[in-house]
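Chains, contacts and geometry: an overview
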Amino acid sequence: MMHLRLSVAYALALLTGTLAVPSQHLDTRQTPWKSTPITDFAEPWAFAFLPDNRVLVTERRGNLRIVDPTTKVKGTITGVPAVAYAGQGGLHDIALHPKYAENSIVYISYAETGSGGAGGAVARAKLTLTDSGGALSGLEVIWRHSQRASGGLQFACRLLFGPDGALWISSGEINQMTPAQSMTTNLGKMIKLYDNGTAFAGNPFASQGAIQSQIWSLGHRNPLGIDWDAQGRLWEVEMGPMGGDELNLIQSGANYGWPLVCEGKHYNGTAIPKHSTRPTFAAPKANWVPVISPAGLIIYKGDLFASWKGNAIITGLSSQSIVRVTITGDVGKEAQRVSMGKRMRGVREDKDGAIWVIEDGTGGRLLKLTPN
Ligand SMILES: *[C@@H]1O[C@H](CO)[C@@H](O)[C@H](O)[C@H]1NC(C)=O
Ligand SMILES: *[C@@H]1O[C@H](CO)[C@@H](O)[C@H](O)[C@H]1NC(C)=O
């Protein structure tokens, strides 16, 4: 039963595969953007813009691709370590070091197997580019989940650099639930590190031990999207179980309550106490019942979609949509949901304010969205 969301999503994918409406027949009058497809990938998970305007794209099976959006020519980056491609796991996120222009260092997150099953890992490596592709070298694992599990679910491990140069990792609880509340594991936590993997000085539990010193916040389930707003506040989206997807404002030392409180239910229908019953836990600033399955998040900062400045733009898997949420003070409110007809995996904003999204699954396309 814990695979319900996967099964529903799979059934939906089959259904839409069978009954797909050709995109030219979709009513686009209400689509708030022009969508330019770049090219397609094999189960893409994440992407990152390079200074030369090419885009790095991770494919879950363990391939790192590069595409030139102008020519649409795709290449391959070699040197990716073996990944645990099973369940939801594989090659996940990619991020450039804040000083990438000087050091060519990139970070990847992925699922790996070892004793106890599979867990998430984060590595950094030097990226050498050629005209047609490139290579990673000097790969160094800088962080790992402190325990592993079978099942291959909820690794998350989105990567984001902060204004102070810190590396943030959104660590999933690999479907183990209670470790999200345990300070002796790094599952179900927001992690703040230096770029070399050492715990960031000043983290809220720094005095309590090696694992604890990595932790910024706890009580997270499957946190797949993180981004900064213009005020320097960190926002996060995470998947709940049956209901209870959350948009959270991430604060130092806060406990977000999973699995003790949640607006949704367990997959077997068992109720979970609501956030209102335990006010010591940080409640979501917006939540979804039924779920949207948030897999990516940006807080929009550009000028192209001027009226969306400060809004959360969330890509949804089971909802096959892009959800726009206004944030007033710290209250989030869904303002718009655009059906995309495909499970939507990730989102990024480019330096010009265009919104790029990537579809999930076989043949998932990278799309550039600009105003109509
Ligand atoms: C990692 O980086 C931090 C901050 O620059 C530094 O203080 C620390 O010594 C480094 N750790 C290692 C193991 O190099
Ligand atoms: C339902 O699922 C939850 C979470 O896995 C579990 O703790 C609970 O015991 C289950 N309840 C029943 C009745 O199976």
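Residues numbered from 1 in each chain as written. Chains lettered and ligands numbered in written order. Predicted model: local features only at pLDDT ≥ 70, side-chain atom pairs only at ≥ 80, totals over all residues. Heavy atoms only, no water.

Looking up the protein chain in an unreviewed UniProt entry gives the name Soluble quino protein glucose dehydrogenase, with the organism given as Ophiobolus disseminans.

1. Digging into the pattern of salt bridges
Rules: Here, a salt bridge means any side-chain nitrogen of Lys or Arg that lies within 4 Å of a carboxyl oxygen of Asp or Glu. Only protein chains enter the accessibility calculation, which uses a 1.4 Å probe; a residue whose area is less than 20% of its type maximum is buried, one above 50% is exposed, and one in between is partly exposed.
In total, this model carries 17 salt bridges according to the counting rule given. For Asp52, the salt bridge is made with Arg54, and the minimal N-O distance between the two is 2.9 Å. Overall, the relative accessible area of 39% leaves Asp52 in the partly exposed class. Take Arg54: its relative accessible area is 12%, and that puts it in the buried class.

2. Here we look at the sheet that holds strand S1 (residues 33-42)
Heads up, the condition is: Whether two strands pair comes down to DSSP finding at least two bridges between them. By definition, any uninterrupted DSSP run of H or I lasting at least four residues is a helix, any uninterrupted run of E lasting at least two residues is a strand, and each is numbered from the N terminus. In this description, a line fitted to the C-alpha atoms serves as the axis of each element, helices being fitted only across the stretch in contact, and the angle between N-to-C directions of two axes falls anywhere from 0 to 180 degrees.
Strand order across the open sheet formed by 4 strands is S1-S24-S23-S22, with antiparallel pairing between neighbours. Strands with a single pairing partner mark the edges of an open sheet, and in this sheet they are S1 and strand S22 (344-349). When the angles between neighbouring strand axes are averaged without regard to direction, this sheet yields 20 degrees. Note: S1 against strand S24 (residues 362-371), 9 bridges, orientation antiparallel. Residue pairing in the sheet places Ser35 in a bridge with Leu369 of S24.

3. Re the layout of surface pockets
Put simply, the rule is: Lining residues are defined by having an atom within 4 Å of a point belonging to a cavity or pocket. Those points lie on a 1 Å grid over the protein atoms alone, cavities being sets where a 1.4 Å probe fits but cannot get out and pockets being open sets with protein on both sides within 12 Å along at least five of seven lines. Grid points are joined across faces, edges and corners, and a volume is the space filled by probe spheres set on the points. Residues are sorted three ways: Asp, Glu, Lys and Arg are charged, Ala, Val, Leu, Ile, Met, Phe, Trp, Tyr, Cys and Pro are nonpolar, and all the rest, Gly among them, are polar. Reported domain spans reflect what an automatic or database domain assignment gives.
Size it by volume and the second largest pocket reaches roughly 1,000 Å³. In this structure, the second largest pocket is lined by 42 residues; those nearest its centre are Phe49, Arg348, Glu349, Asp350 and Lys351. Of all the elements, strand S2 (residues 44-49) adds the most residues to the lining of the second largest pocket, at 5 residues. Of the residues that constitute the lining of the second largest pocket, the class distribution is 25 nonpolar, 6 polar and 11 charged. Each of domain 1 (38-218) and domain 2 (225-372) accounts for three or more of the residues forming the lining of the second largest pocket.

4. Some points on the domain arrangement of the protein chain
Quick reminder of the rule: In this description, contact between two residues means that some pair of their heavy atoms is separated by no more than 4.5 Å. The quantity reported as buried area is the accessible area (1.4 Å probe) lost by two parts once they are put together, taken as the sum for both. Think of a polar contact as two N or O atoms within 3.5 Å of one another; within protein, one of them needs to be a possible hydrogen donor and the other a possible acceptor, and neighboring residues in sequence only count if both atoms come from side chains.
The domains assigned to the protein chain are domain 1 (38-218) and domain 2 (225-372). Counting residues at the interface gives 36 residues for domain 1, matched by 40 residues for domain 2. At the boundary of domain 1 with domain 2, total buried surface from both sides reaches about 2,900 Å², with 65% on carbon and sulfur atoms. If you look at where domain 1 meets domain 2, you find 1 salt bridge. Between Arg348 and Asp93 there is a salt bridge; the shortest N-O distance is 3.5 Å. Remark: the boundary between domain 1 and domain 2 carries 16 residue pairs in polar contact (both at pLDDT 80 or more). Contributions of two or more residues to the side of domain 1 that touches domain 2 are made by S1, S2, strand S3 (55-59), strand S6 (91-96), strand S10 (156-161), strand S11 (167-171) and strand S13 (215-218).

5. Description of the site of ligand 2
Put simply, the rule is: One heavy atom within 4 Å of a molecule or strand makes the whole residue count as near it. Here, Shrake-Rupley sampling with a 1.4 Å probe gives the accessible areas, and only protein chains in the shown set may cover a residue.
Inspection of the region around ligand 2 gives Met177, His266, Asn268 and Thr270 as its neighbouring residues. Asn268 has a polar side-chain atom sitting 2.3 Å from an oxygen atom of ligand 2. In this structure, a nitrogen atom belonging to ligand 2 sits 3.2 Å away from a side-chain N or O atom of Thr270. Contact with the protein chains removes 36% of the 360 Å² of surface that ligand 2 exposes when unbound.

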